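Listed here are the chains, written in short residue letters.
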Amino acid sequence: MSLAKLARIFSTPLPIDAWPGQPSVSIVRGDLIHPVVSGNKIYKLLPLLKQAHQQNVKRLVSVGGRFSNHLHALSWAGHLLGFKTVGFYRSYTGQELTPTLRDCLNWGMTLHAISPQQYQARDTEAFWSLIENQYPQSAYIREGGWSADAIEGSSAWWQSIPKSAKTVVLPVGSGTTMVGLLANAPENVRVIGVPVYRDPDGYQALHERLSIHNRNQTRFELWGGYAGKGFGRSNSNLIQFAEQFERQSGVKLDLVYNAKSFYALFERLMQNDVAVSEGVAILHTGGLQGLRK
Ligand SMILES: *Cc1c(COP(=O)(O)O)cnc(C)c1O
């Protein structure tokens, strides 16, 4: 497939569903953009893929967890577009490959297990210079994105968010997607992020990063307290909520990202904390592949 064709597939507006019992709350179905990969990650990757293509780089190298939507999307795109891909994944010794990593292998990704300690250092120069020695002349893609390109790519969500929405809710991992939304938000819209990882400092660092990148001074908030025991960890309440939500709406939620953000909105709606009358949109960012055991 050509890059132009891939970009075209990912530039079609997403389907919209209503929240059960709340017709003015829209669910933006990023999970439906493609049967295999979630829109969120491809939006971020597209500009990087274009650059690699223009610079005639043949190999893409990145890092992620064992259920990583990012490595999954990267290996899929690499396979489709003819790039070699290499993935360093966090693993304890002896852990089996997950369905996510098996897909990556099937799409031709070269996989290397790294220890949780090495993985912790994934944003350091030292980590990447080792990788550059092992795999020279490649594109090196940081896990969360956080490049100007990834941020720009993430603004693609606005193509699909209903014009009536004055509040937009989304899950936050690295925050790249949220920055992309802030960077291109229309006037009078409020963007609300639900962090899916714990932060004992009350998300100060994230808040600062968001403020720095918030060119147009768009109103934004973080709803803390919905990460449960931390990133990638769910609990019976969350699982129960996701099951109930799916029964009521037919919309399946992944437990790492969307079960948390949808639960947060559910609770705020119950408490009348959100001005629903003004229109609310919640982004379903996909990630359902990570549910497989
Ligand atoms: C990566 C990811 C996110 C978080 O996006 P960030 O830009 O890292 O904040 C949300 N949902 C899904 C399904 C993801 O894979």
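Each remark here, short or long, concerns the structure printed above.
Residues numbered from 1 in each chain as written. Predicted model: local features only at pLDDT ≥ 70, side-chain atom pairs only at ≥ 80, totals over all residues. Heavy atoms only, no water.

Caption draft 1: Structural detail: the packing of helix 3 (residues 69-81) against helix 4 (residues 99-106). At their nearest, the axes of helix 3 and helix 4 sit 9 Å apart, and the two run at 20° to each other. Looking at the two axes, helix 3 sits roughly parallel to helix 4. When the axes of helix 3 and helix 4 are compared, the crossing they make is left-handed. Residues L71, H72 and S75 of helix 3 lie in contact with helix 4, whose contacting residues are T100, D103 and C104. Partitioned by chemical class, the residues of the contact of helix 3 with helix 4 number two nonpolar, three polar and one charged. (Axes fitted to C-alpha atoms, helices over the stretch in contact; angles between N-to-C directions. Helix = DSSP H or I, 4+ residues; strand = E, 2+ residues; numbered from the N terminus. Parallel < 35°, antiparallel > 145°, perpendicular 65-115°, else oblique. Left-handed = near helix turned anticlockwise from the far one by under 90°. Contact = heavy atoms within 4.5 Å. Nonpolar A, V, L, I, M, F, W, Y, C, P; charged D, E, K, R; others polar.)

Caption draft 2: Focus on the nonpolar core. Within the largest apolar cluster, 56 residues are counted, with the highest numbers of intra-cluster contacts made by F10, L49, I161, M178 and L181. No other element matches the seven residues that helix 2 (residues 39-54) contributes to this core. Those residues in contact with M178, other than ones at most four positions away along the chain, are L170, V172, V191, I192, G193, L210, F220, E221 and L222. Core analysis: the second largest hydrophobic core is formed by 23 residues, F245, V251, A259 and V280 among them. (Core = buried A, V, L, I, M, F, W, Y, C linked by side-chain atoms within 4.5 Å. Buried < 20%, exposed > 50% of the residue type's maximum accessible area, 1.4 Å probe, protein only.)

Caption draft 3: Looking closely at unusual backbone geometry. A positive phi is found at N56, a non-glycine position, where the angle reads about 60°. Following the sequence through the fold, N56 ends up in the loop between helix 2 and strand 3 (59-64). Even without being glycine, Q217 reaches a positive phi, approximately 55°. Relative to the elements of secondary structure, Q217 occurs in the loop between helix 9 (204-213) and strand 9 (219-222). A residue is classified by how much of its surface remains accessible, and Q217, at 66% relative accessible area, is exposed.

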